[in-house]
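Listed below, chain by chain, are the residues.
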Amino acid sequence: MLDNYSVLNARNPSAGEISSDDFYITASDFQSLNERERSFYSWQKYDLTAGDWSSPYNNILHANVILENVEKFKEENRTLANTIMGKALFLRAFNHFTLSQLYASSFDQNTADSDLGIPIRTTSDHDIRPFRATNLETYSAILNDVLEAIPLLPGSLEQKQHGSRPAAYGLLARVYLSMRYYEKAEIYADSCLRHYDKLIDYNTINPNISIPFPQRNEEVIFDARSASPSILTRGRAKVDTVLLSKYEDWDLRKSIFFLSNANGSKAFKGSYTGLSTSSIFVGLATDEIYLIRAECFARRGKIAEAMADLNHLMRHRYNNNRPFIPFTASSADDALNIILMERRKELLFRGIRWSDLRRLNMENSTKTILTRFIDGKEYKLLPKSSQYVLQIPRESIEFSGMEQNP
């Protein structure tokens, strides 16, 4: 069951990426989309059945079936059984967290014990009707599953489609970052990098090929990708022009990540999926973990450590035909702003931006108003808007009686 890659690893949600500001599309392409993709792109409420809800819960069902049955042969091979348990717990946590970033409000420690979270499923019994946990209960369940998994998981990355100890530490760092618990995010990012810290020197990558990175490349810690939405095909999704302007000429990402369209716009080709499809990489990789640790260092006033992490990553991204000029910061705030910009440039089309917008909008200094113009009409997404929380599919609400999101 754990080896069912096409189900457990390759059908993750894409709604957050469709709703993000990584790209734009033309009016004619917008009209050619299905209702689901048009709704997510224009930040309109959509409550029809969607895989963004059902696929993660299907994965959670798989994890629960595994956990309920692995006990049957635990005495025969305790080591193997423990490993399988750890991988199933990681799988359940990863998918519950994915759902929380779409269907629950941003984590706020002041209101988390009353804010609506998501249904937490810890049984395969369909007769037990789901109910919505609080946000505090939601995140607690996610964290508890990962913490329980860590001592059971292998320390190696021989099977990157499965959970591992480095992947668990990386997931904890990602979860705590979304909660804005920066000290804990720093601790677990550090634990992840102590287990696995490899980076790709982009000087070794051919910028002229259409698929520059193979699947499960050296930076990948956990391999997962989204389904393939038509809106994110290279011919439709045009990279945001303001973002493109931030890449320096000596930054190898400028040529490796993007290809030119006939009209002069840019398409993204730098996916870690190893595919040319519209599927995006949503797994865990070391570049993200370095950026998490760097951001947390900056937020805690550790300027030297923050810039050391950032410069270590950037040395692997800049052309070595020119001496690398290290990034410097005059203050913690300066360091944070630099790191957040590099995070934006490094992790586009990773399914991460939506979660970043949600958490950064909780802080006045990093709030962002998103704007789209479609067929002459302006659409805005304001910080902390209810549109940052997607509608639960109607049939799930009708079946369970759960409260719908606003």
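Going by the annotation in an unreviewed UniProt entry, the name recorded for the protein is SusD family protein, with Sphingobacterium mizutaii NBRC 14946 = DSM 11724 given as the source organism. Turning to the protein, the UniProt record has this under Sequence similarities (unreviewed entry): "Belongs to the SusD family."

K.L.:
Describe the pattern of salt bridges, and please don't skip the residues or the numbers.
P.N.:
Inspection of every chain in the model, using the stated rule, returns 31 salt bridges. Ionic pairing is found between D21 and R344, a salt bridge with its closest N-O pair at 3.2 Å. Linking D21 in the loop between helix 2 (15-19) and strand 1 (23-24) with R344 in helix 14 (residues 332-346), this pair joins segments that are 323 residues apart in sequence. Overall, D21 belongs to the buried group, its relative accessible area being 15%. For R344, a relative accessible area of 13% gives the class buried. Each of E219, D251, R253, D287, R317, E342, K345, E346 and R350 takes part in a single network of salt bridges with overlapping partners.

K.L.:
Lay out the environment of D287 in plain terms, naming residues and giving numbers.
P.N.:
Following the sequence through the fold, D287 ends up in helix 12 (residues 286-299). Between the C-alpha atoms of D287 and M314, which are 27 residues apart in sequence, the distance is 9.7 Å. Not counting residues up to four positions away in its chain, the partners in contact with D287 are L199, E219, Y272, L313, R317, E346, L347 and R350.

K.L.:
So, the packing of helix 7 (residues 135-149) against helix 8 (residues 165-179): which residues are in play, and what are the values?
P.N.:
Across the interface, helix 7 lies against helix 8 with an axial gap of 10 Å and an inter-helix angle of 160 degrees. It follows that helix 7 is roughly antiparallel to helix 8 by the angle criterion. Judged by the twist between their axes, the crossing of helix 7 over helix 8 is left-handed. Within the contact between the two elements, helix 7 uses Y139, I142, L143, V146 and L147 and helix 8 uses A168, L171, L172, V175, Y176, S178 and M179. Of the residues contributing to the contact of helix 7 with helix 8, the split by class is eleven nonpolar, one polar and no charged.

K.L.:
Quick one: what's the story with the environment of P154, residue by residue and with numbers?
P.N.:
Examined against the element boundaries, P154 turns out to sit in the loop between helix 7 and helix 8. Apart from residues lying up to four places away in sequence, P154 is in contact with T83, K87, G163, S164, R165 and P166.

K.L.:
Could you give an account of the pairing of strand 10 (residues 377-381), with specific residues and numbers?
P.N.:
Pairing of strand 9 (residues 370-374) with strand 10, which is carried by five bridges, proceeds in the antiparallel orientation. If you follow T371 over to strand 10, its bridge partner there is K380. Taken together, strand 9 and the strand that follows it, strand 10, pair antiparallel across an intervening segment of two residues, in which D375 is found at a positive phi of about 55 degrees.

Rules used throughout
- Residues numbered from 1 in each chain as written.
- Predicted model: local features only at pLDDT ≥ 70, side-chain atom pairs only at ≥ 80, totals over all residues.
- Heavy atoms only, no water.
- UniProt positions renumbered as here; feature names shortened; annotations may be inferred.
- Salt bridge = Lys/Arg side-chain N within 4 Å of Asp/Glu carboxyl O.
- Helix = DSSP H or I, 4+ residues; strand = E, 2+ residues; numbered from the N terminus.
- Buried < 20%, exposed > 50% of the residue type's maximum accessible area, 1.4 Å probe, protein only.
- Contact = heavy atoms within 4.5 Å.
- Axes fitted to C-alpha atoms, helices over the stretch in contact; angles between N-to-C directions.
- Parallel < 35°, antiparallel > 145°, perpendicular 65-115°, else oblique.
- Left-handed = near helix turned anticlockwise from the far one by under 90°.
- Nonpolar A, V, L, I, M, F, W, Y, C, P; charged D, E, K, R; others polar.
- Pairing = 2+ DSSP bridges.

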